[in-house]
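Commentary on secondary and tertiary structure
Residues per chain, in single letters:
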Amino acid sequence: MQAGQPDKLSETTLQSRQHHNKEHYNQQKANSNLKMSTEEHVWRAHIVKCLRERNRKECENFKEIIEQNNRLIDHVAQLKSDNLKLSVENEQLRSAVSTGGSGTGVQGAAVATLEKKLLSQQEELIELHKRKGENSQLIVDLNMKVEQQRIAMSEKEHSLAEEQTNNNRLRAEVHLLHSSLEELKKLNNTLLDEHTALQLAFSSLEDKMRGIQDENRCLVERLMRHKSKDADKLNEENESIIRKRSAKLKRDLEDAVREPSNSAPTSGNRNSTSPAQFVGGGMITDDDFDEATINGAMEAIGIDDTEYFNARFTAGELRPSLDALKASGYLGQANPTKILMKFEAHENESHAVRWSPVERMVATGGADRKVKLWDIGKNSTEPRAVLSGSSAGINSVDFDSTGAYILGTSNDYGARVWTVMDNRLRHTLTGHSGKVMAAKYVQEPIKVVTGSHDRTLKIWDLRSIACIETKFAGSSCNDLVTTDSLGSTIISGHYDKKIRFWDIRTEKQADDVLMPAKITSLDLSKDCNYLICSVRDDTIKLLDLRKNQVISTFTNEHFKISCDFARASFNSNGLKIACGSADGAIYIWNVNGFLETTLKGHSTAVNAVSWSPNHNELASVGKSKRCIIYSDS
């Protein structure tokens, strides 16, 4: 028991120190509270508030541990007190036993019991010290965790401050964007008002334009009626003059036959026997032509002397005129018989060719899905531009009247518009369910009409890039033309052998013209009075549109239409017709019905030809890759 005495003292000392520290802490707290209560300044109260808040935050986490520790300390103090009492009692009993001799058995049993109780109290005290050490270590660990949490909290506060700054910046940006949006809304409203005003002005101008167009059409129709009347009168006068001259020639011939034979040499100076005396309605003397020129003209026309004089001195159907001789090349423009250029236009078969209306330039289209532009003026065999965008072979090409746009049709059921200046694809017109064979401008450059194998014609508005009207023909369309720049009448040639006339002003269809076989191409003369039609029976028909009648047929025993889309063409003055043949030749007729010449150069069938509108030149393409340009010089 004496060995445990230092433990008792140390425990008593520890308990007294803890009690002293607690009283000192309470005293300092009371003094600080008294001092702070007497302070008048606000910042001190703020500091106290902060300290209390910190004290609350720091003590809140350890409140239970502190309470448990305090209970343990009180329990230890109580046990120490009990242990001290027991020690005193034990010493008293020992002293009593030592002084009184041997005690009774009862007292020995009591001492043994007290010693056991003391041992149990000491063991319990040791256990409590052990638990106190564990609690102290737990407090240290929790203090470290608190410090870590404080550091993490400071970092989060710093991050929160940065996010708050960023949030304020974003709020300022949002405010600026809202302001900008309001300004844009005001500007948009202004532009909408301006657009509405412009739309109203445009509608007014469009109505005015329609009125002017209607008036113009009426004036054109009146003019055409007057011209038709004038033409009929002029034809009647010419026929009357021809009949009178024919009767006079007959009388002169009879007088010449009655004259004696010795006067025959002098009769050559008379008008009745002078060759080519009446040509084109004018008086031509023998001095105007020599014998070789007349013989050459007769040979080119294909008549002998008897036919010539019968035509001269009778009112028969065969009557050569000055125009016929000029068309033969003897008295006027020669045929383009010389090859100016020859080059490979496409990678395989070439389908279409067309001259520019303003430049010495040719556009070709082929099965390689490309449209190519060739500068003939520079005599270059390299393409000036290659226009792409089609996904199938090109069937036809055409320029607008200004030469600024080029229109191409394709087997991919579409048509496309390119600009010549920058070679860019501007519009793609899709909506047919069959390959598109032909396209022309209508009311250029606003509208386009296309003809397809789906048995329809479609009119497209290039401003909205939409189909505005569909005409159901009932048969596949191989080619089409328009009668004027306004496109008031559309003429289409079809697989069912019919030429159809469509008036887009009245949406009515005029009477059809039936051909002997399916139609491969159409072409109009410059004055829009005559139409040529290539037919699959290997003939070319010439129609007078004023009467809607076939007035002439062009054919030759060697001439064969090459394919279902073979193209024939008028020359610029409408006096000659050219068309390619399956034997690789190009046949040129004059409008009077005579075959003037045959151009060679192609080794395979010729698909399309085109006359230059400004020069006496002819372009041709065929089933081979080659394009040939013919010229008269």
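Residues numbered from 1 in each chain as written. Predicted model: local features only at pLDDT ≥ 70, side-chain atom pairs only at ≥ 80, totals over all residues. Heavy atoms only, no water.

- Per an unreviewed UniProt entry, the chain carries the name Autophagy-related protein 16-1 isoform X2 and comes from Drosophila pseudoobscura pseudoobscura.
- Under the UniProt heading Sequence similarities (unreviewed entry), the entry covering the chain gives this text: "Belongs to the WD repeat ATG16 family." (UniProt positions renumbered as here; feature names shortened; annotations may be inferred.)

**Considering the pairing of strand β6 (residues 371–375)**
- The element β6 is extensively covered by neighbouring structure, given that 5 of its 5 residues are classed as buried.
- Burial along β6 is two-sided: Val-371, Leu-373 and Asp-375 facing one way and Lys-372 and Trp-374 facing the other are all buried.
- Inspection of the sheet shows strand β5 (residues 361–366) paired to β6 by 5 bridges, in the antiparallel sense. Considered in β6, the bridge of Ala-363 is made with Leu-373.
- With antiparallel pairing between neighbouring strands as the criterion, β5 and β6 make up a hairpin whose turn holds 4 residues, including Arg-369 at a positive phi of roughly 70°. (Buried < 20%, exposed > 50% of the residue type's maximum accessible area, 1.4 Å probe, protein only. Helix = DSSP H or I, 4+ residues; strand = E, 2+ residues; numbered from the N terminus. Pairing = 2+ DSSP bridges.)

**Description of a positive patch on the surface**
- Taken together, the side chains of Arg-222, Arg-225, Lys-229 and Lys-233 make up a positively charged region of the molecular surface.
- Relative to the assigned elements, Arg-225 resides in helix α4 (residues 105–258).
- The exposure class assigned to Arg-225 is partly exposed, which follows from its relative accessible area of 47%. (Patch = residues over 30% accessible without salt bridge, like charges linked within 9 Å, V, L, I, M, F, W, Y side chains within 5 Å. Areas by Shrake-Rupley, 256 points an atom, 1.4 Å probe, with all protein chains shown as cover. Salt bridge = Lys/Arg side-chain N within 4 Å of Asp/Glu carboxyl O. Lys, Arg positive; Asp, Glu negative; His and termini not counted. Charge placed at Lys NZ, Arg CZ, Asp CG, Glu CD.)

**Some points on the sheet that holds β6**
- Reading across the sheet, the 4 strands line up as β4-β5-β6-β7 and stay open at both edges, with antiparallel pairing between neighbours. Looking along the sheet, the strands with just one partner apiece sit at the ends: β4 (350–355) and β7 (385–387). Averaged over all pairs of adjacent strands, the angle between strand axes in this sheet comes to 20°, irrespective of strand direction.
- Two strands pair when backbone bridges link them, and β4 and β5 are joined in this way by 5 bridges, in the antiparallel orientation. Paired with Arg-354 across the two strands is Ala-363, which belongs to β5. (Axes fitted to C-alpha atoms, helices over the stretch in contact; angles between N-to-C directions.)

**Thoughts on the pattern of salt bridges**
- By the definition in use, this model includes 23 salt bridges.
- Among the ionic pairs, Glu-147 bridges to Arg-150, the shortest N-O distance being 2.5 Å. Taken together, the positions of Glu-147 and Arg-150, both in helix α4 and 3 residues apart, correspond to about one turn of that helix.
- Each of Glu-206, Asp-207, Arg-210, Asp-461 and Arg-463 takes part in salt bridges that share partners, so that together they form one network.

**Focus on the UniProt feature "repeat: WD" (unreviewed entry) in the chain**
- UniProt marks residues 343–384, 387–428, 429–470, 487–512, 569–592 and 599–633 with the feature "repeat: WD" (unreviewed entry), using the numbering shown here.
- Secondary structure within residues 569–592 divides into 0% helix and 50% strand; the distance between the first and last C-alpha atoms comes to 16 Å.
- Helix and strand shares over residues 599–633 are 0% and 54% respectively, and the end C-alpha atoms of the span are 14 Å apart.

**Quick look at a negative patch on the surface**
- Taken together, the side chains of Asp-230, Asp-232, Glu-236, Glu-237 and Glu-239 define an acidic patch exposed on the protein surface.
- With relative accessibility at 44%, the residue Glu-239 sits in the partly exposed group.

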